[in-house]
Amino acid sequence: HCAKLSIQLQELEHASKEEQRVAAEELEAQRSHAHRQLAAMAEEHQTAISSLLQDQALELDTLRNAAAAQSVMDSLVGSVETQALREQLDSETRRAKALSDQLAQALGELETLEGQLDATNTDLTDTRGR
């Protein structure tokens, strides 16, 4: 009877180890999937930030051109005509500020994602270490 109980105990231990192995593989697959998702999100944010930077560079060029044009216009025409140009420059300045704010927000989101990605990498490393 003891031998039968010993065999049953060994079978239970083996089943438990197998269940732990399967659970660990499932956890690893889930973490790997989450890691890929975070990496994809980080890449999307990087692309969006690059696009925002390009847009902002174009806006800055527009502002420089508007400022240069204003300087020329000031020397050629009266203050009534330059007022409209000043208003346009003010508008362009506000748009550039809004783009700058969007960029700052996107960079903050990217830093958050990078932190999550680092944490996931650490978890994966810890899991593999075990």
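Below is a short write-up of the structure. (Residues numbered from 1 in each chain as written. Predicted model: local features only at pLDDT ≥ 70, side-chain atom pairs only at ≥ 80, totals over all residues. Heavy atoms only, no water.)

Okay, the overall build of the protein next. A tally of helices and strands in the protein yields 2 helices and 0 strands. Here the protein has a C-alpha radius of gyration of 30 Å; the compact-globule value for 130 residues is 14 Å, and the former is much larger. Principal-axis analysis of the C-alpha atoms gives the protein an extent of 110 × 15 × 15 Å. Contacts in the protein between residues far apart in sequence, at least 24 positions, make up 81% of those at least 6 positions apart. Of the accessible surface of the protein, which amounts to about 9500 Å², a share of 55% is contributed by carbon and sulfur atoms. (Helix = DSSP H or I, 4+ residues; strand = E, 2+ residues; numbered from the N terminus. Rg over C-alpha atoms; globule rule 2.2 N^0.38 Å. Contact = heavy atoms within 4.5 Å. Areas by Shrake-Rupley, 256 points an atom, 1.4 Å probe, with all protein chains shown as cover.)

Our next topic: the nonpolar core. Counting 7 residues, the largest nonpolar core is built from Ala42, Ile49, Leu52, Leu99, Leu103, Ala106 and Leu110. At the level of secondary structure, the elements contributing two or more residues to this core comprise α1 (2–76) and α2 (79–129). Ranked by residue count, the leading element in this core is α2, at 4 residues. For Leu110, the residues in contact, after removing those within four places along its chain, are Ala42, His45, Gln46 and Ile49. (Core = buried A, V, L, I, M, F, W, Y, C linked by side-chain atoms within 4.5 Å. Buried < 20%, exposed > 50% of the residue type's maximum accessible area, 1.4 Å probe, protein only.)

The next point concerns α1. Taking 1.5 Å of rise per residue, 75 residues should cover 111 Å, and α1 covers 109 Å from first to last C-alpha, within 8% of that figure. When α1 is considered as a whole, its buried residues turn out to be Leu38, Ala42, Ile49, Leu52, Gln56, Glu59, Leu63, Ala66 and Gln70. (Expected span 1.5 Å × (residues − 1).)

Right, let's get into the environment of Ala106. For Ala106, the location among the structural elements is in helix α2. Sequence-wise, Ala106 and His35 are 71 residues apart; in three dimensions their C-alpha atoms are separated by 20 Å. Apart from the residues lying within four places of it in its own chain, the contact partners of Ala106 are His45, Ile49 and Leu52.

So, about the side chain of Gln56. Along the chain, Gln56 turns up in helix α1. The class for Gln56 is buried, based on a relative accessible area of 15%. The contact partners of Gln56, leaving out residues within four places of it in the chain, are Ala96, Leu99, Ser100 and Leu103.

Let us now look at the pattern of salt bridges. Side-chain pairing between opposite charges can occur once the charged atoms of the two side chains come close. Summed over the entire model, instances satisfying the criterion amount to 6 salt bridges. Note that Arg95 and Glu59 form a salt bridge whose closest N and O atoms lie 2.7 Å from each other. Here Arg95 is found in helix α2, whereas its partner Glu59 is found in helix α1, with 36 residues between them in sequence. For Arg95, a relative accessible area of 43% gives the class partly exposed. Linking Glu92 and Arg95 is a salt bridge whose minimum nitrogen-to-oxygen distance equals 3.1 Å. A residue pair is termed a helical-turn pair when its members lie 3 or 4 positions apart in one helix, as Glu92 and Arg95 do in helix α2 at 3 residues. For Glu92, a relative accessible area of 9% translates into the label buried. Salt bridges linked by common partners bring Glu18, Arg21 and Glu25 together as one network. (Salt bridge = Lys/Arg side-chain N within 4 Å of Asp/Glu carboxyl O.)

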